[in-house]
Amino acid sequence: MNTLSDILYRVPILAVEGNTSQQVRNIHIDSTKVGLNDLFIAIKGTHTDAHQFIPNAINQGALAVVCEILPEKRNNGVTYIQVEDTRLAAAFIADNFYDRPSTKMKLIGITGTNGKTTVSSLLFQLFKNAGFKVGLISTVVIKINNQDFQTKLTTPDSLTINKYLDEMQKDGVEYVFMEASSHGIVQHRTKALHFAGAVFTNLSHDHLDYHKTFADYRDAKKILFDELPKSAFALINTDDKNGDVMLQNSRAKKYSYSLKSHSDYTAKVLENNFNGLLLKLNDTEVWSPLIGSFNAYNLLAVFSVADLLGVDRLENLRLISELKPVSGRFQHFISEKQKITAIVDYAHTPDALENVLSTINAIRTKNEELFTVVGCGGDRDATKRPLMAKIAGQLSTQVILTSDNPRTENPDAIIQDMEKGIEPTDVKKVISITAREQAIKTACKMAQPKDIILVAGKGHETYQEVNGVRSDFDDLQHLKNYLNKFDK
Ligand SMILES: CC(=O)N[C@H]1[C@@H](OP(=O)(O)OP(=O)(O)OC[C@H]2O[C@@H](n3ccc(=O)[nH]c3=O)[C@H](O)[C@@H]2O)O[C@H](CO)[C@@H](O)[C@@H]1O[C@H](C)C(=O)N[C@@H](C)C(=O)N[C@H](CCC(=O)O)C(=O)O
Ligand SMILES: Nc1ncnc2c1ncn2[C@@H]1O[C@H](COP(=O)(O)OP(=O)(O)OP(=O)(O)O)[C@@H](O)[C@H]1O
Ligand SMILES: N[C@H](CCC[C@H](N)C(=O)O)C(=O)O
Ligand SMILES: [Mg+2]
C-alpha cells in the first residue's frame, strides 16, 4: 500500500496540514465513492464544485483531502493538501498510486478530430493478431485483451485511465492504444502518462462550444505532442495543414504520413468501392474491406505506427489486409429484394459527414437516390449544426433532419438550427422529422430499389440520450427492421 507522501510525489503542492505518512487505501474524485482510509480529490467542475462534498467524504472515512481551497472548518486527524489545480494533482496522484503503469508498457496516444477510434481500434486488432497482449481505451469500449469494459467518455478521467492501465499491466499487456480527446488533454486526464508515441490524424470543426476558438482547440491537441518524452515518436498526417503545428515544440522523434505529399510513410488509393479499398502501401498492393479514402489515411497511420513499433514490414502488410472494419463506421448491408444499400456511420462533424457523403457519391452510379438521415447532438457545439445540414443538402438527393442525443436541449430547436444551413436550392430535398425512429422509417419507406440510405451521427451508439437518461436506440437495428418490412 502507498503512503500519502508516496502518492504526492511530483504533485505541485501549495500547503500541507496534517500527517502524510498514513497509508491510503484508495483514491477518488467522486465523493460518493469514498470509503474508510481513502483520499478524496475535490475538483471544481463546470456543473459542481466538489469542494462542497469534502465534509461528506470525511464522514465516509476519508483520511486525506486534496483541494484548491482549504475548508474553513477542518477536522483533526484528516490531512489537507492544498494545490493550485486538483485535476492536475489527480493525474500525478493516480500515476503514483498505481506505480506508474504507463512506464511499464508501450502506450500510444491517438488524437485528432476524426479517426481516433478507427485508428486505435485497428491498432488493437493488428497487435492482437500479431500475437501480443494488447489494451484499448476508446470511445466505444475499453479492452484488456479479450475482456471488454463499458465506457462513457472517449478519454476517461486520470484515475480511471491509470486503474485500467494497472490492470492491463498485471495481465501482461505490452501495447496500449488510447484516444486522447481535446477535452481529455486540457482537463489533464492524460497528464503524467508516459507515452511511447502519439499520432495526429487531422483537425476540423468540432467542440467550439468548449474550446471557444479553433486555435484553442488546435493547441489543446498540441499539448499531447509538447509533453512527449525524447524517446517517443510523434507521427503526424502532413496532408492536414495543422500537422506541422503539432510538432513545433515536441522533443519526440518526428515522423509523417501522407497520401498527397512526400512523407516518411505514403500510400496510394488504387481502387475505392463498396467492397473496400485497394491500396499501394510500401510498394505493395494491399486489399482492405474498409471503405472510403479517409480510411486509407487510417490504414496508413496504423501501418506507420506498427512499423515504428518494430513490426516486420511484410508481416505488417499481411496484418493490415486482415483488419476488419470498426463497428458503426461505414457499417452497411444491402436489403435482400430491393437491393437498397443501408449505411450507418458515426459522422458527427461537418468534415466527417462530407467525407462519408463524398465517398458514397464517388462510388455510386448516380441513377439512384441518396437519402441522408442526420441530426446533431444537444449540449454540444451549436455552430456545427447549420454546416452539417448544408453538407447533407449539397451531397444527398433527399435529406431527413432528425434528433441525435438532444440531452438537455429542445430537439426541435436543434433541428431549426440545422435548417438555417440549408442552401435555397436544396430546400426542396429536405424534410424534418424529430423522432429518429420515424425518420429512419420514412427513409426506408421512400427508398426505391437500389437507392442508398445513410444514417449518420450515432454509429455504434445504442442509445438516445434525453435529459440524462439513455434509452435503447440502435440505428442499424431500426434500418434492418424497416427495410425488411418494406422490402417487396
Ligand atoms: C464538459 C466535460 O468535459 N465534463 C467532464 C467534467 O465534468 P464537470 O467538470 O462538469 O464535472 P462536474 O459534474 O461539475 O463535477 C465536478 C466533480 O465533482 C464530483 N462530484 C460530483 C457530485 C457529487 O456528489 N460528488 C462529487 O464528488 C465529480 O465526480 C467531479 O469530479 O469532468 C467529469 C469528470 O472527469 C467528466 O465526467 C465530465 O464529462 C462529461 C460527462 C462529458 O459529457 N464530457 C464530454 C463533453 C467529453 O469529455 N467529451 C470528450 C470528447 C469526445 C470526443 O469528441 O471524442 C471525451 O473524452 O469523451
Ligand atoms: N481519417 C479520417 N478523416 C476524416 N474523417 C474520418 C476519418 N476516419 C473516420 N472518419 C469519419 O469520422 C467518423 C468518426 O470516426 P472515429 O470514430 O474513428 O473518430 P473519433 O476521432 O474517434 O471520434 P470521437 O471524437 O467521437 O471520438 C467516422 O464514422 C467517419 O465518418
Ligand atoms: N464524442 C462526441 C460524440 C458525438 C456523437 C453524437 N451522436 C452526439 O451525441 O453529438 C461528443 O461527445 O461530442
Ligand atoms: Mg472516438
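Scoring rules and cut-offs
Residues numbered from 1 in each chain as written. Chains lettered and ligands numbered in written order. Predicted model: local features only at pLDDT ≥ 70, side-chain atom pairs only at ≥ 80, totals over all residues. Heavy atoms only, no water. Donors = N, O, S within 2.8 Å, 3.2 Å for Na, K, Ca; no water. Helix = DSSP H or I, 4+ residues; strand = E, 2+ residues; numbered from the N terminus. Buried < 20%, exposed > 50% of the residue type's maximum accessible area, 1.4 Å probe, protein only. Salt bridge = Lys/Arg side-chain N within 4 Å of Asp/Glu carboxyl O. Expected span 1.5 Å × (residues − 1). Polar contact = N/O pair within 3.5 Å; in protein donor to acceptor, adjacent residues only side chain to side chain. Core = buried A, V, L, I, M, F, W, Y, C linked by side-chain atoms within 4.5 Å. Contact = heavy atoms within 4.5 Å. UniProt positions renumbered as here; feature names shortened; annotations may be inferred.

Side note on the coordination of the magnesium ion (ligand 4)
Ideal donor angles around a metal are set by the shape: a four-donor tetrahedron calls for 109.5 degrees, a six-donor octahedron for 90 or 180 degrees.
Part 1 of the reasoning: In this structure, Thr117 (OG1), Thr139 (OG1) and Glu179 (OE) serve as the protein donors to the magnesium ion (ligand 4), at separations of 2.1 to 2.2 Å.
Part 2 of the reasoning: Sequence spacing among the residues donating to the magnesium ion (ligand 4) works out to T-x21-T-x39-E. Taken together, the residues Thr117 in helix H4 (residues 116-129) and Thr139 in the loop between strand S9 (134-137) and strand S10 (142-144) connect sequence positions 22 residues apart. Both residues of the pair, Thr117 and Thr139, belong to the buried class.

Regarding the pattern of salt bridges
Part 1 of the reasoning: Counting across every chain of the model gives 25 salt bridges.
Part 2 of the reasoning: Counted as one network, the salt bridges with shared partners bring together Arg385, Glu409, Asp417 and Lys420.

Examining helix H3 (residues 86-97)
Part 1 of the reasoning: Between its terminal C-alpha atoms H3 stretches 15 Å, which fits the 16 Å expected from 12 residues at 1.5 Å a residue.
Part 2 of the reasoning: Buried residues dominate H3, accounting for 11 of its 12 residues.
Part 3 of the reasoning: Buried within H3 are the following residues: Thr86, Leu88, Ala89, Ala90, Ala91, Phe92, Ile93, Ala94, Asp95, Asn96 and Phe97.
Part 4 of the reasoning: Where H3 begins, the side chain of Asp85 points an oxygen toward the backbone nitrogen of Arg87, at a separation of 3.0 Å.
Part 5 of the reasoning: Asp99 sits one or two positions beyond H3 and adopts a positive phi of about 60°.

Some remarks on the nonpolar core
Part 1 of the reasoning: With 41 residues, the main nonpolar core has Phe127, Phe177, Leu281, Val305 and Ile320 as its most contacted residues.
Part 2 of the reasoning: For this core, the element with the highest residue contribution is helix H10 (residues 293-308), accounting for nine residues.
Part 3 of the reasoning: Setting aside residues up to four positions removed in sequence, Val305 forms contacts with Ile108, Leu123, Phe177, Val199, Phe233 and Leu235.
Part 4 of the reasoning: Counting 30 residues, the second-largest nonpolar core is a separate cluster that includes Ile137, Ile185, Leu208 and Ala252.

Re the UniProt feature "domain: Mur ligase N-terminal catalytic" (unreviewed entry) in the protein
Part 1 of the reasoning: Under the UniProt annotation, "domain: Mur ligase N-terminal catalytic" (unreviewed entry) lies at residues 24-98.
Part 2 of the reasoning: The span residues 24-98 carries 24% helix and 20% strand; its end-to-end C-alpha distance comes to 12 Å.

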